[in-house]
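# Reading the structure
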Amino acid sequence: MNAPSDEQLVAYLDNELDGEQRSQLESAIAEDPLLSLRVQWLRRSSLPFPAAYDELALQAPLDRLQARLDAAPSPARPGLSRRGLIAAGAAALVLSGVAADRVFLGWQLRQAHNWRARVGDYMALYVPQTLDHLPTDEASHRAQLRTIDARLGLNLSTATLKLPGAELKRAQMLEYDGVPIAQMTFLDSQHGPLALCVTRSNSGSLALAHERRHALNVVYWTEREHAWMLIGHNPPAALEELAQRLRERLSA
Amino acid sequence: MTIIFSEQAFRAELSQHLARLWRYGLLLSRNRHVAEDLVQATCVRALERASQYVAGTRMDRWLLSILHSIWLNEVRARQVRQGQGVVDADGQLAFDGEYAAQTHVMAAQVIRRVDALPQAQRETVYLAYVEGLSYREVADILQVPIGTVMSRLATARLKLAEYPPLQAVPKPTAGDPQ
């Protein structure tokens with residue numbers, strides 16, 4: 001073997017040589033004390049790089065970086081037609097939350113009272129994977145709920161929203177035609193995506209009622225200044241039980 | 001079947017990488033403000049190109065390469081503005097060494113030694129030894145041949161080898177550039 005270059009020695013130290021090159025170099029180093037010294041010298045440059053830079057990463061101004069990310073505009077998706085999206089939803093593709101949001105936002109809210117129809121159209125596009133990759137820690141959820149509280153004059157908490165067998169995944173504000181609607185999405189371990197939605201209403205208090213939208217069951221009610229709906233694939237009786245539980249806690 | 005990666009999911013994953021992007025921006029620019037701007041520009045570009053991102057692949061590497069290309073363009077733009085022709089990126093920004101001082105002694109020594117390397121060696125060392133990328137991956141991000149990665153690492157290691165061993169306690173005579 002010719003005298004190995006520093007590049008080769010560094011590649012050896014970095015474990016970038018294939019098996020044969022490696023064993024050749026190892027025997028050359030074993031036989032040549034000068035080469036061995038050269039490797040030892042180069043090895044002095046193996047510093048605790050990851051530890052040092054992990055420490056540096058702790059100084060990252062995360063709040064500001066996150067705020068600037070949040071302020072970054074959403075990408076346009078000119079390639080996706082609404083019709084295509086609806087077809088995609090029907091075909092139960094792993095549908096993008098943003099695409100669904102856009103479908104949702106794109107629809108005209110013809111009358112305020114058909115908000116449940118719009119939510120139904122929207123929720124029909126959800127599959128369990130829609131809710132993957134969402135931050136599910138308590139702090140994120142609390143922050144999301146604060147946003148809703150501010151927009152709709154509510155006082156929500158993660159405790160109020162606790163449901164048996166279903167995990168809260170995300171709370172967000174949606175809006176169409178200037179009508180803000182909050183959507184709190186859960187993943188029911190048995191029945192898949194489940195959402196509690198709320199908007200402002202002036203219908204006074206109305207008892208629980210049932211309806212069906214697409215293949216989804218809906219239980220809805222109004223309470224003072226808000227109209228609520230719980231929508232999911234849960235059977236009507238089970239859904240009503242959950243709705244009843246939520247209604248009691250929400251009006252407490 | 002086409003898998004559409006949701007924007008919420010995309011943004012959520014993006015936000016996992018902010019600190020790592022920031023420190024890479026800091027490594028390149030050695031300036032906190034520029035590092036922050038680079039991260040933001042990277043986020044904007046990543047969102048624009050979200051459709052090119054393949055769900056399930058390593059987003060961190062994709063983001064590092066976006067940040068790198070933005071940095072290169074920024075450096076080129078600055079060179080054009082300043083009419084300096086082809087010069088190394090070093091020394092063109094106010095070097096903000098404060099960040100190294102805010103880490104522990106050992107970390108500060110490592111960061112200062114890496115910062116003292118020329119730009120090309122610095123970023124190669126960073127990607128290979130901090131991010132732990134293979135030579136192939138480093139070459140892809142930096143858009144250079146593998147041979148270039150190898151020679152930069154060898155040159156950088158020879159310089160780094162000349163420093164005295166790291167000191168757990170600061171010694172003014174240890175010879176680290178401040």
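Residues numbered from 1 in each chain as written. Chains lettered and ligands numbered in written order. Predicted model: local features only at pLDDT ≥ 70, side-chain atom pairs only at ≥ 80, totals over all residues. Heavy atoms only, no water.

### A word on the pairing of strand β6 (residues 226-232) of chain A
Residues and elements named next belong to chain A. Note the following rule: Here's how the labels work: a residue is buried when its accessible area is under 20% of the maximum for its type, exposed when over 50%, partly exposed in between, all with a 1.4 Å probe on protein chains only. Helix and strand definitions follow DSSP, with helices as H or I runs of at least four residues and strands as E runs of at least two, each counted in order from the N terminus. Two strands qualify as a pair provided DSSP detects at least 2 bridges between them.
With seven of its seven residues buried, β6 lies for the most part within the structure. Burial along β6 is two-sided: His-226, Trp-228, Leu-230 and Gly-232 and Ala-227, Met-229 and Ile-231, pointing in opposite directions, are all buried. Both strand β3 (residues 192-200) and β6 contribute to a ladder of seven bridges, which runs antiparallel. Residue Ala-195 lies in a different strand from β6, and its bridge partner there is Ile-231. In the sheet, strand β5 (residues 216-223) pairs with β6 via seven bridges, with the strands oriented antiparallel. Residue pairing across strands places Thr-222 opposite Ala-227, the latter belonging to β6. Hairpin connection of β5 to β6: two residues between the antiparallel strands, including Arg-224 at a positive phi of 50 degrees.

### Quick word on helix α10 (residues 236-251) of chain A
Residues and elements named next belong to chain A. The condition is simple: Here, expected helix span is obtained from the residue count minus one, scaled by 1.5 Å. The directions from the helix axis to the C-beta atoms form the arc being described. Throughout, a residue-residue contact means that at least one pair of heavy atoms, one from each residue, lies within 4.5 Å.
Taking 1.5 Å of rise per residue, the 16 residues of α10 would be expected to cover 22 Å, and the 22 Å separating its terminal C-alpha atoms lies within 8% of that figure. Of all the positions in α10, only Leu-239, Leu-242, Ala-243, Leu-246 and Arg-247 are classed as buried. Take α10 and look down its axis: the buried residues cluster within an arc of 140 degrees, on one side only. In this structure, α10 carries Ala-237, Glu-241 and Glu-248 as exposed residues pointing more than 90 degrees from its buried face. Buried residues in α10 make contact with β3, β4 (206-213), β5 and β6.

### A few points about the confidence of the model for chain A
Residues and elements named next belong to chain A. Basically, it comes down to this: How sure the predictor is of each residue is captured by pLDDT, a score from 0 to 100.
In this model, chain A carries an average pLDDT of 80, and 82% of its residues clear a pLDDT of 70 or more. Summarising per-element confidence for chain A, the mean pLDDT is lowest in helix α6 (residues 82-90) (35) and highest in helix α1 (residues 6-13) (96). Within the model, pLDDT remains below 50 along residues 77-112, and this stretch shows 68 contacts once partners closer than five positions in the same chain are excluded.

### Section: the nonpolar core
Put simply, the rule is: Only buried Ala, Val, Leu, Ile, Met, Phe, Trp, Tyr and Cys residues count toward a nonpolar core, and they belong to the same one when joined by side-chain atoms within 4.5 Å.
Counting 76 residues, the largest nonpolar core has Phe-49 and Tyr-53 of chain A together with Phe-10, Leu-14, Tyr-24 and Leu-127 of chain B as its most contacted members. Residues Leu-145, Leu-194, Val-219 and Trp-228 of chain A belong to the second largest nonpolar core, which totals 25 residues.

### Topic: unusual backbone geometry
Residue and element names in this part refer to chain A. One non-glycine residue, Asn-15, lies in positive phi territory at about 60 degrees. Relative to the assigned elements, Asn-15 resides in the loop between α1 and α2 (19-31). With a phi angle near 50 degrees, Arg-224 is a residue other than glycine that sits in the positive phi range. Residue position: Arg-224 is located in the loop between β5 and β6. The exposure class assigned to Arg-224 is exposed, which follows from its relative accessible area of 53%.

### Some details on the interface of chain B and chain A
How big an interface is tends to be expressed through the accessible area that disappears when the partners come together. Operational definition: Salt bridges, as used here, are contacts in which a Lys or Arg side-chain nitrogen is within 4 Å of a carboxyl oxygen on Asp or Glu. Think of a polar contact as two N or O atoms within 3.5 Å of one another; within protein, one of them needs to be a possible hydrogen donor and the other a possible acceptor, and neighboring residues in sequence only count if both atoms come from side chains.
Between chain B and chain A, the contact holds 55 residues from the first and 51 residues from the second. Counting across the chain B and chain A interface gives five salt bridges. Arg-23 of chain B serves as the salt-bridge partner of Asp-54 of chain A, at 2.9 Å between the closest nitrogen and oxygen. Summed over the shared surface of chain B and chain A, the number is 18 residue pairs in polar contact (both at pLDDT 80 or more). Those elements giving two or more residues to the side of chain B that touches chain A turn out to be α1 (7-16), α2 (18-29), α3 (32-48), α6 (105-115), α7 (119-130) and α9 (146-161) of chain B.

### With respect to the side chain of Arg-170 of chain A
You can see Arg-170 of chain A is positioned in strand β1 (residues 166-176). The contacts of Arg-170 of chain A, once residues within four sequence positions are left out, are Tyr-126, Leu-134, His-141, Gln-144, Gln-183, Met-184 and Thr-185 of chain A together with Gln-8 of chain B.

### Structural notes on the packing of helix α5 (residues 62-71) of chain A against α2 of chain B
Convention followed: Fitted lines through C-alpha atoms give the axes, limited to the stretch in contact for helices. The angle between two N-to-C directions lies from 0 to 180 degrees. For classification, angles of less than 35 degrees are called roughly parallel, those exceeding 145 degrees roughly antiparallel, those between 65 and 115 degrees roughly perpendicular, and all remaining angles oblique.
The N-to-C vectors of α5 of chain A and α2 of chain B enclose an angle of 105 degrees; their axes lie 10 Å apart at closest approach. Considering the angle they form, α5 of chain A stands roughly perpendicular to α2 of chain B. In contact with Leu-62, Leu-65, Gln-66 and Leu-69 of chain A of α5 of chain A, α2 of chain B contributes Leu-18, Ala-19 and Trp-22 of chain B.

### Structural notes on the pattern of salt bridges
Opposite charge on two side chains permits pairing when their charged atoms draw close. Counted according to the given criterion, the structure contains 20 salt bridges over all chains. Residue Asp-37 of chain B is joined to Arg-68 of chain A by a salt bridge in which the shortest nitrogen-to-oxygen separation is 2.9 Å. On the criterion of chain membership, the pair formed by Asp-37 of chain B in helix α3 and Arg-68 of chain A in helix α5 is interchain, its members lying in two chains. Residues joined in a network through salt bridges with shared partners are Asp-54 of chain A together with Arg-20, Arg-23, Arg-58, Asp-60, Arg-61, Glu-131 and Glu-137 of chain B.

### Some remarks on the packing of aromatic side chains
The criterion, for reference: Aromatic pairs are defined between Phe, Tyr and Trp rings, using the six-membered ring for Trp, whenever the two ring centres lie within 6.5 Å; interplanar angles under 30 degrees are classed as stacked, those over 60 as edge-to-face, and all others as tilted.
Applying the stated criterion to the full structure yields seven aromatic pairs over all chains. Taking the centre distance of 5.9 Å and the plane angle of 65 degrees together, the rings of Phe-10 of chain B and Tyr-53 of chain B count as edge-to-face. Linking Phe-10 of chain B in helix α1 with Tyr-53 of chain B in the loop between α3 and α4 (59-82), this pair joins segments that are 43 residues apart in sequence. Residue class for Tyr-53 of chain B comes out buried when judged on its relative accessible area of 6%. Considering the side-chain rings of Tyr-24 of chain B and Tyr-126 of chain B, the 5.3 Å spacing of their centres and the 15 degrees angle between planes classify their relative orientation as stacked. Remark: Tyr-126 of chain B occurs in helix α7 and Tyr-24 of chain B occurs in helix α2; sequence separation between them is 102 residues. There is no split in this pair, since Tyr-24 of chain B and Tyr-126 of chain B are both buried. Here the aromatic residues Tyr-53 of chain A together with Tyr-24 and Tyr-126 of chain B are joined through ring pairs into a cluster of three or more.

### What about α1 of chain B?
Of all 10 residues making up α1 of chain B, seven are buried, and the element is well covered by its neighbours. Glu-7, Gln-8, Ala-9, Phe-10, Arg-11, Ala-12 and Leu-14 of chain B are the residues of α1 of chain B that are buried.

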